[in-house]
Structure formats: C-alpha cells, structure tokens
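Descriptive structure summary
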Amino acid sequence: MNLYKFVSDAINDKLGRPVNLEVPRNRDFGDFSTNAAMVMAKSAGKNPRELAGEIVPKLMELDFVADATVAGPGFINIRLRDDFVWDAAKHATDITPAATPMVIDLDYGAYNVAKSLHIGHLRTSIVGDTFNRIAKMLGHRTFSWNHMGDWGKPMALVIAWIERLHPELPYFRDDFDPATTVDFDINPAELNTYYPAASSFAKENPEFQAHAQEIKAKFQDGHAGYFALYEKFLAISLNMMNDTVRRLNILPFDYDLGERNAAKYLPQVEEILRAKNLIQESDGAQVIIVKKDTDNAPMPPYMWTDSRGADTYDSTDLAAVYCRLHTDNPNKIIYFTDMRQSLHFEQLFRAADLSGLFKYADMEHIGYGTINGADGRPFKTRSGNAAGLDDIIDAVNNAVDARVRESGKALDSDTVDMIALAALKFNDLVHDVRSDYIFDPDSVTSFEGRTGPYILYTAVRLNSVLKRAGTIPATDATPTNLTADERNLLMEIADFERTVQSAFDNRATDMIANYAYDLCQLTNTFYHNCPILRDDVAADDRARRLAIVKMAADTLGMAIDLMGLRVPNEM
Ligand code: ARG
C-alpha cells in the first residue's frame, strides 16, 4: 500500500485541488505537512494563517487524521491515527501493480566477448539489475539485454593473435569446411590475455593491424573458419559472464544477444534509412546527420559504416533497436552505461527517432560515474593495473575475511561471501548513479554506518528475534497507543511502496539503498528502546512489538531482494 498516495489523494479530494504534501524528516510535529494555505492565500485574498485555520477542520473530517495544526506562517501539520498507521504498515508490502503496465527493455551488463570484465561493468550490472527488480515489483514487464560486444575489432584481434600463436590451425584457411572438428582448446585464463596482447602489438605493427582489419571484414562477411574459432572463445566468455552473474547475484539475462545478433538486422534498417534519405557519404564513411539547428554543443554524425565499409558500434546499436522492436515491442528502452557514452546514446536516440524506429522520448540513457580509489583517481589494483571485476570482488572478500578474523567470530565462507556481496553492492547502490564514488574495501565492509553489512546485520537480528519468539501471538485489537519509537518505525515501513515508486519514476536506485538504511536505523532504535522478549514485558506489549518486528523484517527483506543481496543465518 502506498500510504503517501492514499493520504495525498484523500486530501486533494477533500480540498478540491491538488496540494503539496511533504514528509518531514522529523516527525515530532506531524507525519505530513502541507503549504496548501500559503499557496492558496493569494488567490483567496486571505492571509495564509487565517486560511490554514479554515482548512484544518476540513482535514479533521478525514477519518485517518488524528490531528491537524497550523504552524509558522501558515503550514499545516497532519498527524495520522495510530490504528491507521498500523494497518498501513501491515500492508506495506502489498504493492499495487501499475495501472498501465509497460513493457521495458533494459540494456545493461553488456559484457564483451574475449575481454575480461572490468570495474566499469560493476555499476551497469548492479544498478541495471536493481532497476529491473524495481520495475518488475511494480508490475511492469521487463526484458534484460546483455548487449555483448561480440562483433567488432576485438574479435578480429583475438583471431589474429591466435593465428600468430597457432598458424597451423585450419581456421585461418578461406576454404575451411565448417564440418571439420578441430582438436584445439583455449585456456580460459589465457584467453583474457589475448586481446590486450594483440591490441598493443597492433599499435607497433601496422602489418598486423592491417591483417586484423582484413579478418574483421571477412569475419563479418561470414568466414567459416573465423566463425568456428570465434564460437570456441564465445563459449568460454559466456561461461565467465554467467559466473559473474552468479557471483554478483543478479538475475539471469533474458537475452545474451549483442552486436553480432543485431548485425543481422542491418539490411532492414538500411532500407528504412535509405527510403528516408538519411544516409550520407562523408569522407568515405556512410553517416546519419543527427545535428539540429538548436544544438549548442558539437553533435558529430552517427556512423553507419566506417570508411572501410565495416559495421560499427553505432550501426549495430541502431539495428538492436529494430531487433527489440520486433521481439519485445517495448514501450521504453533504457540503457545503463558509463556516463562517457552519453554522446553516443544521444546520437542513437536521435537516429532512431529520425528513422521512425523509436521515439526519442521513449529511450533513456542512465549514465553512471566512475569508481575511484582512495586517491580520488580511477580505482586500480595494488599492482597499479586497471582493476578487473574479479579483483574488486576479491578485495572485498579479503577485507571481510580480515574483519571477521579480527572480531574472533567464526563465520563460514558462504556467510563471508554474503557479507562481501552486500558490502560491494550496497556501496554501489547507495550513491547517486550519476556521481563518482570512492571505493575503499575497508570502509565498505564496516558493520556500522551506511554499509551493506549493517543492513544484513539488522536483518539477521530481526530474523533471530522472530526465531527466538517462535510463533507470534495474535494481537486482537489494532493498537491505538503506540510509543514514539514504534510509531516512527511503522511510518517508515509504511513508506516502502512510495519509495519503490519514486525510485522507479526517478530512475534512482539509490533511494532503495537509503530507504533500507533509514529503516535499519529506526529498527535498531526501536529494538534498543522497546524490550520485546524480556520477562518483565507485558504480554500485550510483547505481541505488538513482535508484530512490528515481523513487519520490519518483511519490508527490509523486500528492499534487500531489490538490491539482490543474500541474508545469512547469523553474523
Ligand atoms: N559493450 C559495451 C562496453 O563494454 C557497452 C554496451 C552498452 N550497450 C549498448 N547498447 N551500446 O562498453
């Protein structure tokens, strides 16, 4: 239940016009406040305080309002009835499905074949996945696309490198028979070294560079041998990607289809573009002009083919839109990548709109900032190399391990993994996607403060109270005498659906992480001030508090699920 929306709708109804309803950070004076009187005073020709005084009795007629008071220059504070708050919290996790559910294609992950995953793939995976879960929770139909980099020059460089290492293999012959079985295996760890090696070698060797270009053209034209070799390392890469999906505990992708798949649709898209006269020649390349008269910033043309006539990142991205249109037919397409790709997406959206494939307004790019090390520069490994995704995961695991050892606790390795996962993902989610943040394995693994382990710790604590209590005694009457700590916690619980909705509307996954943190803080204050299982607690109080623990556990559990964290049995 969306408590905020319920109250807001009822007040708008009562006053016959939409008014601003604020949730004050400090609930001492009320659960909500409105500046309605101040906004309406002018047109009503009254002074705001006087008008507020007239609005208050109307608000008091609403059966869920316990009290409404005028404050300051004409604010109205509204306090809800305890029994109403209780019922709202009880239904906090009953999410009302969207009235008009959308079909949304989500493009995130987007790993590259034959290139190891790096730190840049962390945020797209984590934020994309949480956004996917949020959209699903609200009743939208989503499709996640791992738009793999599996078609461009890196493939050619890897093929060329393998040719250098094993020239005797039959894959490189133009008359390669696809029915041939070749006794050749690639070692997964080695595969990751091929692309960096080939790419630096190519920089010094124009011949090798040119040969790779040739391979790329033949590969994209369907060279049977190159393709057979490609399928070998594709399989290895897909395995590594699946490993990452598992390690990060993100939902499996609906489609592991990237540039190569999209390339199949290039002819259809080209036909559309030509019919609209959108393709132009420019320095030997074929381009789409996406610049508008109103542009202030430079807006380069969108590359349809490069000067060698090859497919590009641009062309396959446009073809991917065509493909999605004909598979999912989405209402929206949302892309999650590094902010540095903003220009590319602006161009893509314009090209898609011009071609009539997809409306500009229905495509979105969520560009995220950079993960920096303690020195404020892009995070590097201890040895000074650009960090791979596995390096990051390992660094967090080690930090958790050290902490656990220091504390003298004996936790199994599965629990350590869960804590590390929470530390890593929560720290990513808690920051505004657009901003850079500092990744420090030590501070993200702290059990106190705005961290993943703190969230898990609170969840474990709630679960253990419930376990120790056994069954929760029934509370016969809806409580009307809540303490401030109970009430504050219940109000936060009841704010869950609104948070999920705002996180979706604002494309702001950090709202979920920050909500989870606030919920945990109120939970721990409540736990500290309101004894539950102690012998001297009256049966009534115990029953009420256990019911609150259950509501908090359920709600926190849902927030934790949205973040894709796993909760251990003990910590
Ligand atoms: N594979 C690219 C990378 O690793 C990101 C692709 C993002 N998605 C897209 N449709 N362009 O940088």
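Structure: see above.
For clarity, every value in this text was computed on a predicted model and none was experimentally measured.

What counts as what
- Residues numbered from 1 in each chain as written.
- Predicted model: local features only at pLDDT ≥ 70, side-chain atom pairs only at ≥ 80, totals over all residues.
- Heavy atoms only, no water.
- Buried < 20%, exposed > 50% of the residue type's maximum accessible area, 1.4 Å probe, protein only.
- Helix = DSSP H or I, 4+ residues; strand = E, 2+ residues; numbered from the N terminus.
- Polar contact = N/O pair within 3.5 Å; in protein donor to acceptor, adjacent residues only side chain to side chain.
- Axes fitted to C-alpha atoms, helices over the stretch in contact; angles between N-to-C directions.
- Parallel < 35°, antiparallel > 145°, perpendicular 65-115°, else oblique.
- Contact = heavy atoms within 4.5 Å.
- Nonpolar A, V, L, I, M, F, W, Y, C, P; charged D, E, K, R; others polar.
- Pairing = 2+ DSSP bridges.
- Salt bridge = Lys/Arg side-chain N within 4 Å of Asp/Glu carboxyl O.
- Near = heavy atom within 4 Å.
- Areas by Shrake-Rupley, 256 points an atom, 1.4 Å probe, with all protein chains shown as cover.

For the rest of this paragraph, the subject is helix α4 (residues 82-90). Most of α4 sits out of view: 7 of its 9 residues are buried. Those residues of α4 that sit buried are Asp82, Asp83, Phe84, Val85, Trp86, Ala88 and Ala89.

As a further point, take the side chain of Asp31. Relative to the helices and strands, Asp31 resides in the loop between α1 (3-15) and β1 (32-34). In terms of polar contacts, Asp31 uses its side chain to reach the backbone amide nitrogen of Leu80, at 2.7 Å.

Two numbers describe a pair of packed helices, the interaxial angle and the distance between the axes. Relative orientation of the contacting elements helix α2 (residues 36-44) and helix α3 (residues 48-60) amounts to 110°, with a least axis distance of 8 Å. Regarding the angle of α2 to α3, the classification is roughly perpendicular. Residues Ala37, Met38, Met40, Ala41 and Ala44 of α2 form the contact with α3, whose participating residues are Pro48, Leu51, Ala52 and Ile55. A class-by-class count of the residues in the contact of α2 with α3 yields 9 nonpolar, no polar and no charged.

The next subject is helix α7 (residues 188-204). Residues of α7 that are buried: Leu191, Tyr194, Tyr195, Ala198, Ser199 and Ala202. Its buried side turned inward, α7 meets α6 (153-165), α8 (206-220) and α9 (224-247). Its side-chain oxygen placed 2.8 Å from the backbone nitrogen of Ala189, Asn187 serves as the N-cap of α7.

Bringing the pairing of strand β6 (residues 279-282) into the picture now. Inspection of the sheet shows β6 paired to strand β7 (residues 285-288) by 4 bridges, in the antiparallel sense. Bridged to Gln280 within β7 is Val287. Remark: 2 residues form the turn of the hairpin made by β6 and β7, two consecutive strands paired antiparallel; Asp283 in that turn has positive phi of roughly 50°.

Okay, the pattern of salt bridges next. Under the definition given, this model contains 31 salt bridges. With its nearest N and O atoms 2.9 Å apart, the salt bridge here joins Asp107 to Arg324. In this pair, Asp107 is assigned in strand β4 (residues 103-107) and Arg324 in helix α12 (residues 313-327), connecting sequence segments 217 residues apart. Looking at Asp107, the relative accessible area reads 3%, which means it is buried. The buried category is assigned to Arg324, whose relative accessible area is 0%.

So, about the packing of α7 against α9. At their nearest, the axes of α7 and α9 sit 10 Å apart, and the two run at 105° to each other. Relative to α9, the element α7 lies roughly perpendicular. On α9, the residues touching Pro188, Leu191 and Asn192 of α7 are Phe233, Ile236, Ser237 and Met240. Grouping the amino acids of the contact of α7 with α9 by side-chain chemistry returns 5 nonpolar, 2 polar and no charged.

Every residue close to the ligand is listed here: Asp107, Ala110, Asn112, His121, His147, Tyr313, Asp317, Tyr335, Thr337, Gln341 and Phe345. Note that a nitrogen atom of the ligand is positioned 2.7 Å from one of the side-chain N or O atoms of Tyr313. Between a nitrogen atom of the ligand and a side-chain N or O atom of Asp317, the distance comes to 2.7 Å. When the ligand sits alone it has 350 Å² of accessible area, and the protein chains cover 87% of it. Mapped by element, the contributors of at least two residues to the shell around the ligand are α12 and β9 (332-338).

The next subject is the sheet that holds β1. Pairing is antiparallel across the open sheet formed by 3 strands, whose spatial order is β1-β3-β2. The sheet terminates laterally at β1 and β2 (65-71), the two strands that pair on one side only. Across the sheet, the mean angle from the axis of one strand to that of its neighbour is 20°, orientation sign disregarded. As paired elements, β1 and strand β3 (residues 75-80) share 3 bridges and run antiparallel to each other. When the bridges of β3 are listed, Phe32 appears paired with Ile78.

Our focus in this paragraph is unusual backbone geometry. In the Ramachandran plot, Asn277 falls in the positive-phi region, its phi being about 60° despite a non-glycine side chain. Assessed through its relative accessible area of 65%, Asn277 is described here as exposed. Within the chain, Arg507 stands out as a residue other than glycine whose phi angle is a positive 50°. Along the chain, Arg507 turns up in the loop between α19 (496-505) and α20 (510-529).

For Tyr4, the location among the structural elements is in helix α1. As a C-alpha pair, Tyr4 and Glu497 span 493 residues in sequence and 8.8 Å in three-dimensional space. In contact with Tyr4, other than residues within four places in its own chain, are Leu21, Val23, Phe32 and Arg498.

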